[in-house]
Amino acid sequence: MTARQRADRLAGLAFVAPAALTLAALALYPALWVLWLSLQQRVPIFGIARFVGLDHFAFLATDPRFWNAARVTLVFTGVSVVLELVLGMAAALALQRQRVGRRLALSLLLLAWALPSVVTARLFEWLYHPSAGLVNIVLGRPLNWLGDPTLALAGLILADVWRTMPFVALLCYARLLTIAPEVYEAARVDGAGRLATLTFVTLPLLRSILLVALLFRTLDALRAFDLMYVLTGGGPANTTETLTVYAYRSLFQTLQLGFGSAIGVVIFVLVMAVAAVYLRALRREGAAA
Amino acid sequence: MRWVALVLAVVVLLPGCAERHDGPGPVTLVFKHAKILGPSDPIPGLLREFERRNPGVTVRSEPLTWTSDEQHQFYVINLEGASPTFDVLMLDVIWVPEFAQAGWLLDLSPWVTRDELAPHFPAAVAAATWGGRVWGVPWNMNVGVLYYRADLLAKQGLAPPRTWEELVTQTERVRAAEGDPRLDGVLWQGKQYEGLVVNVLEHFWGSGTALIGEDERVLPQVDRAAAALTFMRGLVERGVSPPWVTAGDEELTRRPFGDGRAVFVRSWPYALDLFEQPDSPVRGRVGIAAMPGHVGGGPGAGATGGFHLAVNRRTRHAEAAVALVRYLGGEPAQRALTAAGVALYPTRMALYHDPDIVRARPQMPRFHDLALAARPRPVTPWYLMLSTTVQPEFSAVLVGVKTPRQALDQARHRLEYMLGGLR
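Within each chain, residues carry numbers counting from 1 in the order of the written sequence. All chains are assigned letters beginning at A, and all ligands numbers beginning at 1, according to the order in which they are written. Local features are withheld for residues below a pLDDT of 70 in this predicted model, meaning they are given only at 70 or higher, and side-chain atom pairs are given and counted only at 80 or more; totals for whole chains, interfaces and linings count all residues.

### Notes on the sheet that holds strand S10 (residues 286–289) of chain B
The strands that make up a sheet pair up through hydrogen bonds in the backbone, lying either parallel or antiparallel.
Residue and element names in this part refer to chain B.
Then comes step 1: For two strands to pair, DSSP has to find at least two bridges joining them. By the criteria applied, helices consist of DSSP H or I runs no shorter than four residues and strands consist of E runs no shorter than two, each listed in order from the N terminus. One open sheet holds the four strands; their spatial order is S8-S9-S7-S10, and the pairing between them is mixed. Looking at which strands have only one partner, the edges of the open sheet turn out to be strand S8 (184–187) and S10. Recorded for the sheet is a direction-independent mean angle of 20° between the axes of neighbouring strands.
Then comes step 2: Two strands pair when backbone bridges link them, and S8 and strand S9 (residues 262–267) are joined in this way by three bridges, in the parallel orientation. Orientation is described by axes fitted as lines to C-alpha atoms, over the contacting stretch for helices, and by angles from 0 to 180 degrees between their N-to-C directions.

Encoded structure:
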């Protein structure tokens, strides 16, 4: 290595240092602290602080409440993300064709997304009201949306789809705007019908943006908290208790800092694993394009 | 001079040393409390009056978020962080032993004697004391009561029910006579949250058992507890209560009754003020009764709730802070709060028979009797752990995914694991 190269390298490090230090202070340090907490039994109000190693994780492995929360989290994430992607894409395609009132449609879409999620939750509390709620009036049936163990999770998923579908729709719509009209002209000249144009032209061009939307939405859904916290409190019978709600209850309501952190660590690992899979797919996508 | 500054700094920084010394000069107290909803907020007036009586003391009022969970979280973070950013705090009765055990509250025993607390309801005093010390001054009172449609019961010549079994037969008679399919029987709070635990406790007490026994044992009589839960599930199964009570909280259950769509509702005193509004469909038709008991169990008792006032142990102005707490919990302040017409009820028993107050709120003597017979939720530092552990289990019974026996066994197993290392 020449002196020049060494100087370059030092300068590079110096430029990266502020970002790296900030990241370390804001993300790495708290993450390590939570990891350290998860290895302890720590209940400050009882003056308990002792090292227990992996005991909390061993307890979680046989804890039916934990496995239930994990299952609820995965079902919620899987179903809501798929619905959001399909409906969001459909909405974007419809918007692209729409001639009149496109601005209005866009602002209405944005409105649903811009509402704070606690407000959305309150809104749905009244929409799902068993006797006076709009949903049941439209359906004409007295469904017990939030109090029936077989319906509550579906109710939450619907609320989440309503709230975040616009996000996917806007991402897709933005991508659709950048597709050159010549591409479609060429397809028409080649004799492609509507279906063929959609499957062989539009969808492949949307692929990478859909992957990005998928990444964002999955990570958000895995950490979903406010909807269930406000609407059902995790009930009935814990059928809507996600891992984050379980962690919150352990940490802030019962003040078991060690045990709650252990659940937090599991969520962290889960999110990281999913992110790693997606990022690999995205990188491959980047290489192919 | 340097050493003087150093000593001063040590005195100020050392908690526990500084707290008993109110230096001369102006003192500013910070009072953290939830905003009082209602036609007028009487608190600022009370604080100005306190300042007038205590020259040199200023009180700054800081609002707290409205939901109980957020208040708890705020206190936990700020008190554990040991920051003396507020001196006097309003707290839910169920947190008092927890905060006291954590060492966050100033022991009020040197100032507030048992005699001083005697005019408050016994259930409120029980919730303010723990481990033989006084940690809070009762401020406002809440008690579970049964509201009934006096007009509908009178039509059938019925007196308000003394037992839940009687309530069921009364419901069937009234509904058969009215012939209105939209008229529900009894509404109560079955959503998976603190309110559910309150409702279950009232059924436990009415069945002659408790969640925590005299000897601190969890679920001392599982059979009776299971029978109470079976009865609650039965209310839903038999249609005495609509299926949605399993997602019902206070407001969700108060509204239909207020619209004339139910015969009974279990709620708190605040609901009566709303039922008696000029535009209310049930105005003048609502009766108040004690929570029913169970046949073969015991007499019913409502659960108490409400708020206490306490002092942050890290306060730098202990004397002034204690004075404020005693002033706000005292007779004149509670009278002013009650007279302001907000839906808060005092903890001082005499006010319930005060001629001036009774003239404006004729239901006060009735609430007095109900609050006197009421019981506090378990007074223990691990109440929240207890409550959040049993909530999903009770909810599972109500929606029929677990039998009462399964749910109680699992609740007990979990509680014994969690409390095992703590006691």
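### Concerning the pairing of strand S6 (residues 137–143) of chain B
All names here are of chain B.
Then comes step 1: Buried means a residue has 20 or more other C-beta atoms within 10 Å of its own C-beta, exposed means 12 or fewer, and partly exposed covers the counts in between; C-beta atoms are placed from the backbone. The element S6 is largely enclosed, with a buried count of seven among its seven residues.
Then comes step 2: Examined bridge by bridge, S6 and strand S11 (residues 304–311) share six bridges and lie antiparallel to one another. Looking at the pairing, Pro-138 lines up with His-308 of S11.
Then comes step 3: Judged from the two bridges that link them, S6 and strand S12 (residues 345–346) form a sheet pairing that is antiparallel. Along S12, the bridge assignment pairs Asn-140 with Pro-346.

### Comments concerning the interface of chain A and chain B
Then comes step 1: Across the contact, 25 residues belong to chain A and 27 residues belong to chain B.
Then comes step 2: No other element matches the three residues that helix H11 (residues 243–253) of chain A contributes to the side of chain A that touches chain B.
Then comes step 3: Three categories are distinguished: nonpolar for Ala, Val, Leu, Ile, Met, Phe, Trp, Tyr, Cys and Pro, charged for Asp, Glu, Lys and Arg, and polar for the others, with Gly belonging to the last. Residues of the side of chain A that touches chain B, tallied by class, amount to twelve nonpolar, eleven polar and two charged. A residue pair is marked as a contact if its C-beta atoms, positioned from the backbone, fall within 7 Å.

### Points about the nonpolar core
All names here are of chain B.
Then comes step 1: Of all hydrophobic cores here, the largest spans 165 residues; its most connected members are Val-88, Val-96, Val-311 and Leu-324.
Then comes step 2: Considering each element in turn, this core owes the most residues, nine residues, to helix H17 (residues 383–398).
Then comes step 3: What marks off one domain from the next here is an automatic or database domain assignment. Residues from two domains meet in this core; each of domain 1 (17–141 + 304–372) and domain 2 (145–302 + 382–420) gives at least three.
Then comes step 4: In this structure, Val-311 is in contact with Asp-87, Val-88, Leu-105, Leu-106, Leu-108, Ala-318, Ala-321, Val-322 and Val-325, ignoring residues within four places of it in sequence. Among buried residues, those of type Ala, Val, Leu, Ile, Met, Phe, Trp, Tyr and Cys that are joined through C-beta atoms within 7 Å form a set called a nonpolar core.

### A word on the packing of helix H3 (residues 64–97) of chain A against helix H7 (residues 152–177) of chain A
All names here are of chain A.
Then comes step 1: In contact at an axis separation of 6 Å, H3 and H7 are set at 40° when each is read in the N-to-C sense. Accordingly, the angle class assigned to the pair H3 and H7 is oblique. Judged by the twist between their axes, the crossing of H3 over H7 is right-handed.
Then comes step 2: Taken together, the residues that form the contact of H3 with H7 break down as 21 nonpolar, four polar and two charged. For classification, angles of less than 35 degrees are called roughly parallel, those exceeding 145 degrees roughly antiparallel, those between 65 and 115 degrees roughly perpendicular, and all remaining angles oblique. In a left-handed crossing the near helix is turned counterclockwise from the far helix by less than a right angle, and in a right-handed crossing that turn is clockwise.

### Observations concerning helix H2 (residues 43–53) of chain B
Residue and element names in this part refer to chain B.
Then comes step 1: Buried within H2 are the following residues: Ile-43, Leu-46, Leu-47 and Phe-50. The buried residues of H2 occupy an angular sector of 100° when projected down its axis, which confines them to one face. Within H2, the exposed residues directed more than 90 degrees away from the buried face are Pro-44, Arg-48 and Arg-52.
Then comes step 2: Considering only its buried residues, H2 is in contact with strand S2 (57–64), helix H13 (318–329) and helix H14 (331–339). The directions considered for the arc run from the helix axis to the C-beta atoms.

### What about the environment of A:Leu251?
Then comes step 1: Note on placement: A:Leu251 falls in helix H11.
Then comes step 2: Residues A:Leu251 and A:Ala114, spaced 137 residues apart in sequence, show a C-alpha to C-alpha distance of 29 Å.

### Observations regarding the domain arrangement of chain B
Residue and element names in this part refer to chain B.
Then comes step 1: Partitioning chain B into structural domains gives domain 1 (17–141 + 304–372) and domain 2 (145–302 + 382–420).
Then comes step 2: Listing elements by their share of the side of domain 1 that touches domain 2, those giving two or more residues are helix H4 (96–101) and helix H16 (364–372).
Then comes step 3: Ranked by the residues each element gives to the side of domain 1 that touches domain 2, the list is headed by H16, at three residues.
Then comes step 4: Counted by class, the side of domain 1 that touches domain 2 contains six nonpolar, one polar and two charged residues.

### Considering the sheet that holds strand S1 (residues 27–34) of chain B
Residue and element names in this part refer to chain B.
Then comes step 1: Taken in spatial order, the six strands of this open sheet run S2-S1-S3-S11-S6-S12, and their pairing is mixed. The outermost strands of the open sheet, each flanked by one partner alone, are S2 and S12.
Then comes step 2: Examined bridge by bridge, S1 and S2 share eight bridges and lie parallel to one another. Each bridged residue has a counterpart across the sheet, and for Val-30 the counterpart in S2 is Arg-60.
Then comes step 3: Where H13 meets the sheet, its contacts fall on S1, S2, strand S3 (88–92), S6 and S11, and the angle it forms with S11 comes to roughly 150°.

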